[in-house]
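Summary of structural features
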Amino acid sequence: MKLTERTRDALESVALPLMAMAGALLLFGVFIWAGGKDPLQAWALLFKGAFGDWFSWQNTLQRAAPLMLTALCVAIPARAGLTIIGGEGALVLGGLACAGLPYLFAPPANAVGTAMLLLAAAAAGAAWIALAGALRQYRGVNETISSLLLAYTAIALFKHFVEGPMRDPASLNKPSTRPIDEGMRIGGLLGTDIHWGLVYGVVACVLLGLWLFFTTTGFATRVVGGNARAARLVGLPSARIIVIACAIGGACAGLAGGIEVTAVHTSANASLIAGLGYAGILVAFVARQNPWVIIPVAVLFGGFGSAGSLLQRRMDVPDASVLVLQGFAFLLILASEALRGKLFVERAPVPKPPAMPLPTVIKANV
């Protein structure tokens with residue numbers, strides 16, 4: 001049966017990430033074997049620690065929530081043609097803005113106050129990533145380099161304020177801001193350890209997917225990302241669309257930082273700098289910048305992150321060894337792009353040479 005171009009693209013979008021993940025797990029097994037451990041046991045513990053029981057599922061989903069939002073910080077600007085890798089900076093500034101808002105005034109200790117904290121976090125992240133988009137459009141600065149440097153700048157600002165002007169005198173061993181009021185914290189979902197940030201992440205992915213694929217502004221964003229010259233020829237405001245896409249992505253990463261403060265840490269401290277913004281890059285690339293696919297991919301990588309402690313306890317390997325798995329996955333995802341458009345290509349049959357007429361054959365033999 002002859003496959004249509006759209007069917008081939010859909011099959012490749014599923015097959016290539018699966019092949020890359022399978023290859024990453026295989027290389028991770030080789031890495032474990034090189035360290036003198038049993039790779040079969042490592043693979044079993046990896047999935048048991050991620051999805052083996054309800055406790056594992058709670059850890060997995062709790063870790064998946066910020067990954068969804070930081071992945072959107074990569075995916076939405078990518079749809080506009082930009083490669084943004086500075087989501088870590090937007091996340092830490094979002095967490096700082098969330099924890100710092102009570103220093104300016106006293107928000108109400110209820111759901112309204114929580115919403116104000118999260119809006120401040122999203123605004124900080126949006127402004128930071130929009131700056132990278134504006135530098136690209138108006139000054140010609142490469143957005144990949146600028147967003148990464150802005151992430152380092154954001155981390156430096158975060159440490160300055162947390163360890164300096166905003167430091168809580170009661171935080172002796174670990175510099176932190178003042179804890180936010182208990183009434184403004186995000187609780188567990190239906191009595192579980194899974195906080196409501198998971199719902200925010202899922203809703204953000206679903207809504208942004210609908211915006212990208214079913215609205216005129218989303219279509220314009222994809223046109224700008226697909227062919228910037230064609231977008232200019234039809235009169236689309238490319239610069240504004242790109243800056244807005246960066247702001248939306250940054251708002252998602254900033255919201256992730258606010259959720260980490262209000263649901264997990266209750267204050268801004270160094271625990272917020274955990275590499276969630278960088279892990280979101282991998283999630284977005286595996287999901288092919290599709291907001292809807294980000295949801296299951298974030299759950300998968302959240303599970304790998306939660307399984308690290310089980311590997312450490314059972315096999316005496318560092319829990320950071322799962323970062324090696326993530327590194328393998330990222331390299332193979334990038335390498336798999338070389339196969340795009342070639343995996344399900346139907347080869348045309350080689351035509352047979354025409355038979356020579358009988359008189360010609362006889363003449364040739366003579």
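Quick look at the structure, then. (Residues numbered from 1 in each chain as written. Predicted model: local features only at pLDDT ≥ 70, side-chain atom pairs only at ≥ 80, totals over all residues. Heavy atoms only, no water.)

Moving on, we get to the packing of helix α7 (residues 197-214) against helix α10 (residues 238-265). Remark: α7 packs on α10, axes separated minimally by 11 Å, with the N-to-C direction vectors making an angle of 170°. Considering their axes alone, α7 and α10 lie roughly antiparallel with respect to each other. Across from G197, Y200, L208 and W211 in α7, the residues of α10 making contact are I248, C252 and I259. For the contact of α7 with α10, the residue count by class is six nonpolar, one polar and no charged. (Axes fitted to C-alpha atoms, helices over the stretch in contact; angles between N-to-C directions. Helix = DSSP H or I, 4+ residues; strand = E, 2+ residues; numbered from the N terminus. Parallel < 35°, antiparallel > 145°, perpendicular 65-115°, else oblique. Contact = heavy atoms within 4.5 Å. Nonpolar A, V, L, I, M, F, W, Y, C, P; charged D, E, K, R; others polar.)

Looking now at the nonpolar core. The biggest cluster of nonpolar side chains holds 96 residues, and the ones touching the most others in it are M68, I294, F301 and L311. When sequence neighbours within four positions are dropped, the list of residues in contact with F301 reads M21, L67, L282, V283, V286, Q326 and A329. (Core = buried A, V, L, I, M, F, W, Y, C linked by side-chain atoms within 4.5 Å. Buried < 20%, exposed > 50% of the residue type's maximum accessible area, 1.4 Å probe, protein only.)

Attention now moves to the side chain of S238. Following the sequence through the fold, S238 ends up in helix α10. You can call S238 buried: its relative accessible area is 11%. Sequence-distant contacts of S238, that is, excluding residues within four places in its chain, are made with Q137, V224, A228, A231 and R232.

This part is about the packing of aromatic side chains. Scanning the entire structure with this criterion turns up seven aromatic pairs. Here the aromatic residues F47, F301 and F304 are joined through ring pairs into a cluster of three or more. A cation sits over an aromatic face here: R178 above Y103, 4.0 Å from the ring centre. (Phe/Tyr/Trp six-rings, centres within 6.5 Å; stacked < 30°, edge-to-face > 60°. Lys NZ or Arg CZ within 6 Å of the ring centre and 35° of its normal.)

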